[in-house]
Amino acid sequence: IPLDILFDIFQHLPIQSVLALRQTSKSFYAITRLRSLWALLLRTLVQEQNIPIPYFDGKSLGSLSALELERLTCRALALRSNWTNPNPNVKREIDFEEPSEKDLYIFSMEFLPGKRNRWFISVATRGVDQFRLQRVIQCWDLAVLQPVCIAKLTYMEGPYDRVVINDDPSSPAMIAIQSSLTEILTIDFEEKNPESAFVPLSTIDGLREIHLLSGSTLVTRRPEHDGEVSIWDISDQPYEKIQLVSPSLSPFHYCEAMHLCDDYIVIIRCQIVELYSTIPRPNNIATPGVSISYPLAQHSFQQLIQSVYMSGQVNWHAARSRRPSPINIVVRYRSTDLWPANTLHLFVLTPNPAYIPGRETSLYNLPYVAQPTLVQTIGSPVFSFQMSDVALGRYGTVIWLDNYYEDWAYAREPSEFDQRLAGQILTATGGFSTSQHGSHDSMVFRVRDRNDWRRVAIDEESGRIVVGDVDGAITLFEYL
C-alpha cells in the first residue's frame, strides 16, 4: 500500500492501534517511527480538533523530533480521554501548604498564563476589624511536589478592590490591583523573600474598577461618573487612550465580563452585550479630552445576569485563516427571589461570516454577530447561602461548583446537600463534543459532603483544576 494511503488510514485509527501496528512487522515499525506520520497525526488528531497539548508551551513543531511529536500526541489524547470521561480519574491530589492564618477567605484564583502554567495566583480576604478588610495575594510555584508560595502581597482593601491577571504572557506587567489607586505589578521569580517578590511598575491615580489587563492595555470603569469604560496604555507613562460610552445605559449597568482582541472589545454588562471599536478617532464635536467610542452593536439578554464568564475559544481553523474565533459565554441569571437561578446557560458569540480580516472594525465590518447563540442549558442547583463558582477555559471546558444530592426525595436542609465539581466541553463550532463513551453528559470531577468550596480555576493544557475553600485552603487536582 502506498505510504500516503497508509497515512490516510492511520488518521482514522485510535492511537493505540497505530502503536500496536508497530509491533507487527519491521515495515510497520519503520513507518510508525516516521516524523512525517507523527506531524500529521498531531495536526489532524489534536490541533485541528482544538485539543490542548500538555507542556507544549508554544514550541516550534519544525524543531521537534519524531519521538517528541509522538509523545506530545499520545499525551494530549490520553489527557482528553480522561478529561472527558463522565467521572475523570484524578492522578494526583495535592493540598497547598496550610495557610498561616485561619481567617483567610479565598476571593479569586487564576493560573498565570504562559510559562507552562507553572505559576498560580490566589487572592484571599482577611478581616482586620469590624470595618476593614485586607487583601492577601500569593503566587504559588506548582513545578515542585508541594506547591510553595514564592510571592506575597498584603494591602488594605479599597472601595472598588479588584485584582486582574494579564492574559498576555509576554508582557512584563503581570497583575493590576486597585486599592486606593491602580497599581501595575510584575513578579520577580528569583527573589528569595516572598514579601519582596511583587515589584511595582507603574500607578494610575484615582479610584476605578479595573476589569481587564492584556499586554500593555488596561481597561477600567469609573463608577462615580456616567459609567464610561476607559482604555489605558500602560507601556511607558500610563495614559487614557479612549473612552467607551453607551448613552442609552445608566451608570448602574456594571461591567461583568470583557474580551479584547485586535481593534475591538466585547463587553457584557448586567443585561447587555456590546461591541466597540478601540481605535481612537477625532470626535465629531470639537471638544477637548480623550476620544470617545460608541457601541457598534448591542444585544439585550432576556433577564438580568447574576454572573457571567467569557473566553475566546482556541480554534485551529480560525487561526489559520486569521478570522475571529468563537467566544464562549456562560451565564447564570438572577431569580425572582434574589438567589441565583439553578440553571447555567451556555452561549456562543459567533463570528460574522461577512467580516473581512485586516479591514478596520466598524459598523459595516463587525467581527461578530451581536446576538449570542444559546447552545445548551445545564441544571446546576445552588441553594440558599451555598457556594457556587464557574471557570471557563480557552479550549472550551467549563467547570462549575454547585449542590448535589443523590436522593432528592429525602433532602430537607441545605446542609444535607453535597457540593459538586462538574464540567462540560463546548466545541469551537458551538456544539458539545462527545466523550469516548459517546455521551453528552457532564463530567463530574468530585462530589463531597461539605459546602465550603468557594472558588475554582482551570488549566486545560496541563489537565489541572484548583479549588479554594472558605477557610483559605487550596487543593490541586491533576488528571494527566
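Residues numbered from 1 in each chain as written. Predicted model: local features only at pLDDT ≥ 70, side-chain atom pairs only at ≥ 80, totals over all residues. Heavy atoms only, no water.

Undergrad: Which residues make up the side chain of glutamate 240, and what values go with them?
TA: Mapping glutamate 240 onto the fold places it in strand β13 (residues 239-244). Classification of glutamate 240 as buried rests on a relative accessible area of 15%. Here the side chain of glutamate 240 touches arginine 222 through a polar contact of 3.4 Å, side chain to side chain. A polar atom in the side chain of glutamate 240 sits 2.5 Å from the side chain of serine 230. Setting aside residues no more than four positions away along its own chain, glutamate 240 makes contact with Arg222, Ser230, Ile231, Trp232 and Val290. (Helix = DSSP H or I, 4+ residues; strand = E, 2+ residues; numbered from the N terminus. Buried < 20%, exposed > 50% of the residue type's maximum accessible area, 1.4 Å probe, protein only. Polar contact = N/O pair within 3.5 Å; in protein donor to acceptor, adjacent residues only side chain to side chain. Contact = heavy atoms within 4.5 Å.)

Undergrad: Describe the confidence of the model for the protein chain, listing the residues and the values that go with them.
TA: On average, residues of the protein chain score 87 in pLDDT, and 89% of them reach the 70 mark or higher. Confidence over residues 430-440 falls short of pLDDT 50; this stretch has 23 contacts with residues more than four positions distant or in other chains. (pLDDT = per-residue confidence, 0-100.)

Undergrad: Which residues make up the sheet that holds strand β1 (residues 92-95), and what are the values?
TA: Here we have four strands laid out as an open sheet, ordered β1-β29-β28-β27, and antiparallel in their pairing. Of all the strands in the sheet, just β1 and β27 (453-459) have a single pairing partner and so form its edges. Across the sheet, the axes of successive neighbouring strands diverge by a mean angle of 15°, strand direction being ignored. Pairing of β27 with strand β28 (residues 464-469) involves six bridges; the strand directions are antiparallel. (Pairing = 2+ DSSP bridges. Axes fitted to C-alpha atoms, helices over the stretch in contact; angles between N-to-C directions.)

Undergrad: Would you mind going over the pattern of salt bridges in detail, with residue names and values included?
TA: For the structure on display, the rule yields 17 salt bridges. In this structure, the salt-bridge partner of arginine 221 is glutamate 209, at a minimum N-O distance of 3.4 Å. Residue arginine 221 is found in strand β11 (residues 217-221), and its partner glutamate 209 is found in strand β10 (residues 209-214); the two are separated by twelve residues along the sequence. Each member of the pair, arginine 221 as well as glutamate 209, is classed as buried. With a closest N to O distance of 2.9 Å, arginine 420 and aspartate 402 form a salt bridge. (Salt bridge = Lys/Arg side-chain N within 4 Å of Asp/Glu carboxyl O.)

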